[in-house]
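What the coordinates show
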Amino acid sequence: MAEDFQFTEIGATGPGIVTAAFDNQVAYCTAANAPVTARVVQAVRDLLERGEGGALLDAIRGWTGAPLADALPLRIAGGIHSLHLKGSEPGLAAIYENREGTDDAALASAAIRAHEADLLPWLDGPPQTNEAGRSSNFIAAMLWLTDKGLPPRFDCLEIGSSAGINLMLDRYHYDLGGVQVGPEPGAMCFAPEWKGPPPPDRHIEIVRTKGCDVAPVDLTDPAQALRLKAYIWPEHTVRFERMEAAIAEARRAAPDLVRMNAADFVEAELARPQEPGTTRVLMHSIVWQYVPEDQQRRITAAMEAAGARATPERPLAWISLEANRVVHNHELRLRFWPGGAEPVLAARAHPHGAWIEWGAAEA
């Protein structure tokens, strides 16, 4: 086993960190009921540990960044999954069908040797894990914010929007611990396993959504859609159904998505006039770790400066759903101005929306 890194800092670097990142990802996938993805990541980890060579494994082994923040294990897992989805490497079926008694490392090694040129570009950028199930967290957060007295009309800004699936969250229906929100039946319906008290039952309206991404994905392009599907953990079959529903919705009416870095986008949108009686909200899920530190600082400064100018008629809120790599789940944290600038841990959640453990603290 690698050195026992605790990953209290997701941006950790140093000797042994690559193998430790793969160990952490295996534990994370196991906790999220994703045994097949855990097997793929473990197989690559075993190849790294035993010193198997080749351009791909050498590139992973010599990673100079922060491998967990960069989602390095999931970059290669997505590439390997793409081979399976395209039928390019039939031997991988033994892993993806979750058969027992197979030599996963040998199967992964054969796939890498045969398709190394195709796999290397998968290391060039982070995964595009656009998951509609996470929108349940955003909606629950808006119910909570409304209960705190903020106007129930939301102007939503999302960074790291990928294909913009969560920008279409007003087209979905939600059953959140018995609280019903959204059109029926909706383009999709979400009813996560609810733990704890239900969120406040309030009427909300989403008046606008707009998002950005440094490499936005066009859902209507089959090749780009296939790349998104490769990042879906294969054991979670419902996520493929959601992806098809999202593709249909994007063809009907594309989400408002621009190519822009997160800091530039937030600064530009916060400078735009805000209608009275609306709550402007910044939201993001599983993206903060990919935002460069200088942009993180700019976003935080811009939000806090705008928060200082916020009024009850024009309030500002910040909803984040990000990974906690120590406890292997996600945390829904909320801030709002005026009156609630200190972050509140509202819930813990499954990474893909299967469950939400609600426990919003009083602000």
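Everything here concerns the structure above.
Anyway, here's the lowdown on the structure attached to this text. Note on numbering: residues in each chain are counted from 1, in written sequence order. Totals for whole chains, interfaces and linings use every residue, but because this is a predicted model, local features are given only for residues with pLDDT of at least 70 and side-chain atom pairs only at 80 or more, for both listing and counting. The side-chain numbers reported here are obtained from all heavy atoms of the structure, hydrogens and water having been left aside.

Considering empty space enclosed by the protein
Test applied: Buriedness of a pocket was judged along seven lines, with at least five required to meet protein on both sides within 12 Å; pockets are open sets of points on a 1 Å grid over the protein atoms alone, cavities are sets where a 1.4 Å probe fits but cannot get out, and lining residues have an atom within 4 Å of a point. Grid points are joined across faces, edges and corners, and a volume is the space filled by probe spheres set on the points. The helix count covers DSSP runs of H or I at least four residues long, the strand count covers runs of E at least two residues long, and both are numbered beginning at the N terminus.
Enumeration according to the criterion identifies three cavities of 30 Å³ or more in this entry. The volume enclosed by the second largest cavity comes to roughly 90 Å³. Lining the second largest cavity are 13 residues; nearest its centre among them are Thr-37, Ala-77, Gly-78, Ala-230 and Trp-233. Contributing elements (two or more residues each) for the lining of the second largest cavity: helix 2 (35-49) and helix 4 (72-86).

Quick look at the nonpolar core
In a soluble, globular protein the nonpolar side chains are often hidden away together inside. What counts here: Residues belong to one nonpolar core when they are buried, are Ala, Val, Leu, Ile, Met, Phe, Trp, Tyr or Cys, and are joined through side-chain atoms within 4.5 Å. Exposure is judged per residue with a 1.4 Å probe applied to protein chains only, and the accessible area is read against the type maximum: over 50% gives exposed, under 20% gives buried, and values in between give partly exposed. Contacts: residue pairs with any heavy atoms within 4.5 Å of one another.
Counting 50 residues, the largest nonpolar core has Met-142, Leu-169, Tyr-172, Leu-219, Ile-319, Leu-332 and Trp-358 as its most contacted members. It is helix 7 (residues 135-147) that provides the largest number of residues to this core, a total of eight residues. Those residues within four positions of Tyr-172 in sequence are excluded, and the remaining contacts are Ala-132, Ser-135, Ile-165, Val-181, Gly-182, Pro-183, Ala-187, Met-188 and Phe-190. If you look at the next biggest cluster of nonpolar residues, it comprises 37 residues, including Val-18, Leu-72, Leu-74 and Trp-233.

Regarding the packing of aromatic side chains
What counts is decided by this rule: Here the aromatic set is Phe, Tyr and Trp, taking the six-membered ring for Trp, and pairing holds for ring centres within 6.5 Å; pairs whose planes are under 30 degrees apart are stacked, those over 60 apart are edge-to-face, and all others are tilted. We call a charge positioned over a ring when the NZ of a Lys or the CZ of an Arg lies within 6 Å of the ring centre and within 35 degrees of the ring normal.
Within the structure shown, the criterion is met by six aromatic pairs. Note on Tyr-172 and Phe-190: the rings are 5.7 Å apart at their centroids and 70° apart in plane angle, and the pair reads as edge-to-face. Placement of the pair is Tyr-172 in the loop between strand 1 (153-158) and strand 2 (173-176) and Phe-190 in strand 4 (residues 189-190), with a sequence separation of 18 residues. With 5.8 Å between their ring centres and 25° between their planes, Tyr-174 and Phe-190 make a pair best called stacked. In this pair, Tyr-174 is assigned in strand 2 and Phe-190 in strand 4, connecting sequence segments 16 residues apart. The pair formed by Tyr-174 and Phe-190 is uniform in burial state, with each residue classed as buried. Cluster of aromatic residues (ring-pair linked, three or more members): Tyr-172, Tyr-174 and Phe-190. When the ring centre of Trp-355 is taken as reference, the NZ or CZ atom of Lys-195 above it lies at 4.3 Å. The aromatic ring of Trp-122 is capped on one face by Arg-227, whose charged end is 4.1 Å from the ring centroid.

Some points on the pairing of strand 9 (residues 316-324)
In summary, the side chains of a regular strand alternate between the two faces of the sheet. Here is the rule: Whether a crossover is right-handed depends on one test, that the path from the first strand over the helix to the second runs clockwise when the strands point away from the viewer.
Of all nine residues making up strand 9, eight are buried, and the element is well covered by its neighbours. Read from strand 8 (residues 279-285) through helix 11 (residues 293-309) to strand 9, the crossover connection turns out right-handed.

Things to note about the side chain of Glu-322
Stated precisely, the cut-off is as follows: Charged residues are defined narrowly, with Lys and Arg counted positive, Asp and Glu counted negative, and His plus the chain ends left uncounted. A side-chain nitrogen of Lys or Arg and a carboxyl oxygen of Asp or Glu constitute a salt bridge if their distance falls within 4 Å.
Tracing the backbone shows Glu-322 in strand 9. Put simply, Glu-322 is tucked away with no salt bridge, and the nearest opposite charge, on Arg-134, sits 8.0 Å away. Setting aside residues up to four positions removed in sequence, Glu-322 forms contacts with His-284, Ser-285, Ile-286, Val-287, Trp-288, Gln-289, Asn-329, His-330 and Glu-331.

With respect to the sheet that holds strand 12 (residues 355-358)
Heads up, the rule is: At least two bridges found by DSSP between two strands is the condition for calling them paired. Lines fitted to the C-alpha atoms define the axes, with helices restricted to the stretch that makes contact. Angles between their N-to-C directions range from 0 to 180 degrees.
What the nine strands build is an open sheet, ordered 5-12-11-10-9-8-1-6-7; its pairing is mixed. Edge positions in the sheet fall to strand 5 (193-195) and strand 7 (257-259), since each of these pairs with one other strand and no more. Ignoring which end each strand starts from, the neighbouring axes of this sheet average 25° apart. Here five bridges tie strand 1 to strand 8, and the two strands are oriented parallel to one another. Within the sheet, the bridge partner assigned to Leu-157 lies in strand 8 and is Leu-282. Against the sheet, helix 11 contacts strand 8, strand 9 and strand 10 (329-337), and its axis sits at roughly 150° relative to strand 9.

Describing the sheet that holds strand 2
Reading across the sheet, the three strands line up as 3-2-4 and stay open at both edges, with mixed pairing between neighbours. Strands at the two margins of the open sheet, each flanked by one partner only, are strand 3 (179-181) and strand 4. The pairing of strand 2 with strand 4 spans two bridges and is parallel. Each residue of the ladder has a partner; that of His-173, found in strand 4, is Cys-189. Strands in contact with helix 7 are strand 2, strand 3 and strand 4; relative to strand 2, the strand with the most contacts, it is inclined by about 70°.

Topic: the pairing of strand 2
Direction of pairing for strand 2 relative to strand 3: antiparallel, over a ladder of three bridges. Each bridged residue has a counterpart across the sheet, and for Tyr-174 the counterpart in strand 3 is Val-181. Linking strand 2 to strand 3, which pair antiparallel, is a turn of two residues; within it Gly-177 sits at a positive phi near 60°.

Describing the packing of helix 2 against helix 4
For clarity, the cut-off: Any angle that falls under 35 degrees is termed roughly parallel, while one over 145 is termed roughly antiparallel, one within 65 to 115 roughly perpendicular, and all others oblique. Gly is put with the polar residues, along with every residue not named as nonpolar or charged; the nonpolar set is Ala, Val, Leu, Ile, Met, Phe, Trp, Tyr, Cys and Pro, and the charged set is Asp, Glu, Lys and Arg.
Their axes nearest at 10 Å, the elements helix 2 and helix 4 cross at an angle of 110°. By the criterion of interaxial angle, the relationship of helix 2 to helix 4 is roughly perpendicular. The segment helix 2 lies against helix 4, with Thr-37, Val-40, Val-41 and Val-44 engaging Pro-73, Leu-74, Ile-76, Ala-77 and Ile-80. Of the residues assigned to the contact of helix 2 with helix 4, the class counts are eight nonpolar, one polar and no charged.

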